[in-house]
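Structural characterization, general
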Amino acid sequence: MKSFEVNFDGLVGPTHNYGGLSFGNVASQSNSQQASSPKEAALQGLEKMKALMDMGFVQGVLAPQERPDVAALRSLGFSGTDAQVIERAAKDAMPLLVASCSASSMWVANAATVSPSADTADGRVHFTAANLNCKFHRSIEHPTTSRVLGAMFADQQHFAHHAALPAVAQFGDEGAANHTRFCRDYGEAGVEFFVYGRSAFDSRYPAPQKYPARQTHEASQAVARLHGLSEEGVVFAQQNPSVIDQGVFHNDVIAVGNGELLFHHEDAFLNTESMLDELRRKLAARGAKFESISVPRDQVTVDDAVRSYMFNSQLLSRADGSMLLIVPEECRANPRVWSYLQGLTSAGGPIREVKVFDLKQSMQNGGGPACLRLRVALNETELAAVNPGVIMSAPLYDTLTGWVNKHYRDALRESDLADPQLLLECRTALDELTQILKLGSVYPFQIN
Ligand code: SUG
């Protein structure tokens with residue numbers, strides 16, 4: 001049976017803005033308070049989805065969330081009508097209103113960790129929604145994420161869903177941004193690679209000094225247990241704390257893997273050699289080869305990687321067995337990164353082509369091509385069981401661009417977030433979207 005890696009891209013929501021909400025994420029902090037363009041952001045994302053579909057990849061779409069999150073503001077003590085809640089938050093606690101307006105659910109690499117059926121004990125595809133509890137604005141995503149994933153992957157014969165881990169920092173879980181899967185073929189048992197930033201219960205592990213390590217070892221282990229992964233099918237590795245302190249807040253800012261290849265920066269991990277040996281050994285036991293491309297710091301610095309997002313790329317397998325790297329425009333602007341990538345594709349290795357996309361609106365908040373997609377490896381039967389409404393097609397692309405042009409603002413500034421009209425615009429747009437994507441009722445305003 002044929003198997004595929006399907007990329008489900010997050011559709012950027014109507015409140016996309018630069019809130020400066022993510023301490024440790026250099027782009028989020030440095031672009032704080034700039035005017036954003038929700039319309040441009042959503043169209044840039046849709047263009048990437050369309051381009052991948054046109055190249056022959058199966059592409060899906062993941063719906064944005066209801067924002068402002070009035071329920072989150074109510075839980076913090078703001079009361080009255082929805083408009084009054086927003087007005088009071090704007091007056092007394094603007095940072096909380098900004099957080100409750102974030103369109104951060106667009107970065108669906110953080111929506112969940114996904115294990116394909118070939119790896120799991122019960123032969124189903126497993127999803128664990130990420131608790132994202134390092135940042136308030138992201139910690140409010142998982143209940144809706146779970147409902148949206150449930151509506152996309154509803155068939156319980158093929159899909160198993162786990163609620164987010166306990167909402168404490170000790171189980172900080174950022175989903176697929178710290179998870180990669182290696183395999184010979186998407187339908188065969190592979191090795192799942194979990195990367196964490198610190199241990200919550202064992203003080204012998206080093207930890208970053210300046211910025212938070214969002215993912216804990218204990219959270220990664222819990223997800224592997226929930227998914228029924230075997231000892232031979234997992235490798236855990238620690239991120240180098242010093243790269244976290246340089247702005248690598250998720251491992252996907254410094255490494256990307258696919259198939260039998262790991263493409264990473266020399267400084268990405270601790271104990272790199274033993275970790276690579278373990279990957280090689282466990283993949284060999286599954287009949288797979290393993291190759292790593294380590295990018296040396298004297299050619300590309302960690303700072304280059306953080307600014308260009310060269311590793312926050314999509315590494316895709318093409319029909320002829322070669323690989324394609326989808327990178328953001330910022331890579332072309334950095335001479336060291338661009339020259340490295342030129343050399344890489346002409347060296348005769350597995351990565352043969354680099355394609356560049358303009359994702360500036362998302363990039364300015366620290367979200368590159370890899371952040372914008374959730375990878376789900378599926379066989380033909382499982383793909384047929386996915387809600388067909390969320391699979392990208394030429395007509396769906398046209399409908400969604402029309403929907404964005406109709407509902408989204410061209411520009412948004414912090415002061416606009418206090419406008420109760422924005423909530424109504426958002427709800428009207430999302431109500432229509434659930435019909436377009438055939439999701440049923442998934443948003444709080446549709447349920448309560
Ligand atoms: O969690 N930015 C996101 C970016 C997530 C990127 N995802 C991956 N690397 N997979 C974050 O830091 C910024 C929002 C703001 O400042 O308005 C933000 O949430």
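This text follows the structure it describes.
Residues numbered from 1 in each chain as written. Predicted model: local features only at pLDDT ≥ 70, side-chain atom pairs only at ≥ 80, totals over all residues. Heavy atoms only, no water.

One open sheet accounts for three strands, arranged β12-β13-β14; its pairing is mixed. Edge strands, defined here as strands with exactly one partner in the open sheet, are β12 (314-317) and β14 (351-357). In this sheet, neighbouring strand axes are inclined to one another by 25° on average, regardless of whether the strands run parallel or antiparallel. Pairing geometry for β12 and strand β13 (residues 323-328), over four bridges, is antiparallel. Looking at the pairing, Leu315 lines up with Leu325 of β13. Of the strands in this sheet, β12, β13 and β14 touch helix α2 (residues 38-54), which is tilted by about 145° from β14. Its contacts with the sheet put helix α13 (residues 335-346) on β13 and β14, and the angle it makes with β14 is roughly 145°. (Pairing = 2+ DSSP bridges. Helix = DSSP H or I, 4+ residues; strand = E, 2+ residues; numbered from the N terminus. Axes fitted to C-alpha atoms, helices over the stretch in contact; angles between N-to-C directions. Contact = heavy atoms within 4.5 Å.)

Below, the discussion takes up the layout of surface pockets. In this model, the largest pocket occupies a volume close to 680 Å³. As for the largest pocket, its lining consists of 26 residues, of which Tyr186, Ser317, Arg318, Ala319 and Gly321 are closest to the centre. Listing elements by their share of the lining of the largest pocket, those giving two or more residues are β1 (3-10) and β12. Ranked by the residues each element gives to the lining of the largest pocket, the list is headed by β1, at four residues. Tallied by class, residues from the lining of the largest pocket come to twelve nonpolar, six polar and eight charged. Computed from the structure, the second largest pocket encloses a volume of approximately 300 Å³. If you tally residues by element for the lining of the second largest pocket, the top one is helix α3 (residues 70-75), at five residues. The residue inventory of the lining of the second largest pocket, partitioned by class, reads seven nonpolar, five polar and seven charged. (1 Å grid on protein atoms, 1.4 Å probe; cavity = no way out; pocket = protein on both sides within 12 Å on 5 of 7 lines; lining within 4 Å. Points joined across faces, edges and corners; volume = space filled by probe spheres on them. Nonpolar A, V, L, I, M, F, W, Y, C, P; charged D, E, K, R; others polar.)

Within the largest apolar cluster, 87 residues are counted, with the highest numbers of intra-cluster contacts made by Phe193, Leu400 and Leu437. Tallying contributions element by element places α2 first for this core, with seven residues. Formed by 20 residues, the second largest nonpolar core is a distinct cluster that contains Leu261, Phe311, Val337 and Ile351. (Core = buried A, V, L, I, M, F, W, Y, C linked by side-chain atoms within 4.5 Å. Buried < 20%, exposed > 50% of the residue type's maximum accessible area, 1.4 Å probe, protein only.)

For helix α7 (residues 142-152), the complete set of buried residues consists of Thr144, Thr145, Val148, Leu149, Ala151 and Met152. Along the axis of α7, the buried positions cluster into a sector of 160°, meaning they face one direction only. (Arc of directions from axis to C-beta.)

Among the secondary structure elements, Phe263 is positioned in strand β10 (residues 261-265). Relative accessible area serves as the criterion here: at 0%, Phe263 is assigned to the buried category. Between the C-alpha atoms of Phe263 and Cys101, which are 162 residues apart in sequence, the distance is 35 Å.

As a packed pair, α2 and helix α16 (residues 394-407) sit with axes 10 Å apart at the nearest point and diverge in direction by 175°. Here α16 runs roughly antiparallel to α2, going by the angle between their axes. Between α2, through Lys39, Ala42, Leu43, Leu46, Glu47, Lys50 and Met53, and α16, the contact on the second element is made entirely by Ala394, Tyr397, Leu400, Thr401, Val404 and Asn405. (Parallel < 35°, antiparallel > 145°, perpendicular 65-115°, else oblique.)

Within the structure, the ligand sits among 22 residues, and Leu21, Ser22, His137, Asp252 and Cys371 are positioned closest to it. In the model, an oxygen atom of the ligand is placed 2.8 Å from a nitrogen or oxygen of the Ser28 side chain. A distance of 3.1 Å is found between a nitrogen atom of the ligand and a backbone nitrogen or oxygen belonging to Asn365. In isolation the ligand offers 490 Å² of accessible surface; the protein chains occlude 100% of this area. Here the residues of the shell around the ligand sort into seven nonpolar, twelve polar and three charged. (Near = heavy atom within 4 Å. Polar contact = N/O pair within 3.5 Å; in protein donor to acceptor, adjacent residues only side chain to side chain. Areas by Shrake-Rupley, 256 points an atom, 1.4 Å probe, with all protein chains shown as cover.)

Moving on to the packing of aromatic side chains. Overall, the coordinates contain 14 aromatic pairs when judged by the stated rule. Centre to centre, the rings of Phe127 and Phe159 are 6.3 Å apart; their planes meet at 65°, and the pair counts as edge-to-face. Placement of the pair is Phe127 in strand β4 (residues 125-129) and Phe159 in strand β5 (residues 159-162), with a sequence separation of 32 residues. On the basis of an interplanar angle of 75° and a centroid distance of 5.2 Å, the ring pair of Phe153 and Phe159 is categorised as edge-to-face. No difference in accessibility class separates Phe153 from Phe159, as the two residues are buried. (Phe/Tyr/Trp six-rings, centres within 6.5 Å; stacked < 30°, edge-to-face > 60°.)

Moving on, we get to empty space enclosed by the protein. Rolled over the atoms, a probe sized like a water molecule indicates the empty space that remains. For the structure on display, the rule yields nine cavities of 30 Å³ or more. Of the pockets and cavities examined, the largest cavity occupies roughly 290 Å³. Elements with a minimum of two residues in the lining of the largest cavity: β6 (179-182), β9 (255-258) and β15 (373-379). Broken down by element, the residue count for the lining of the largest cavity peaks at five residues, all from β15. Classifying every residue of the lining of the largest cavity gives twelve nonpolar, six polar and five charged. Looking at the second largest cavity, its volume works out to about 160 Å³. Of the residues in the lining of the second largest cavity, the class split is four nonpolar, 13 polar and two charged.

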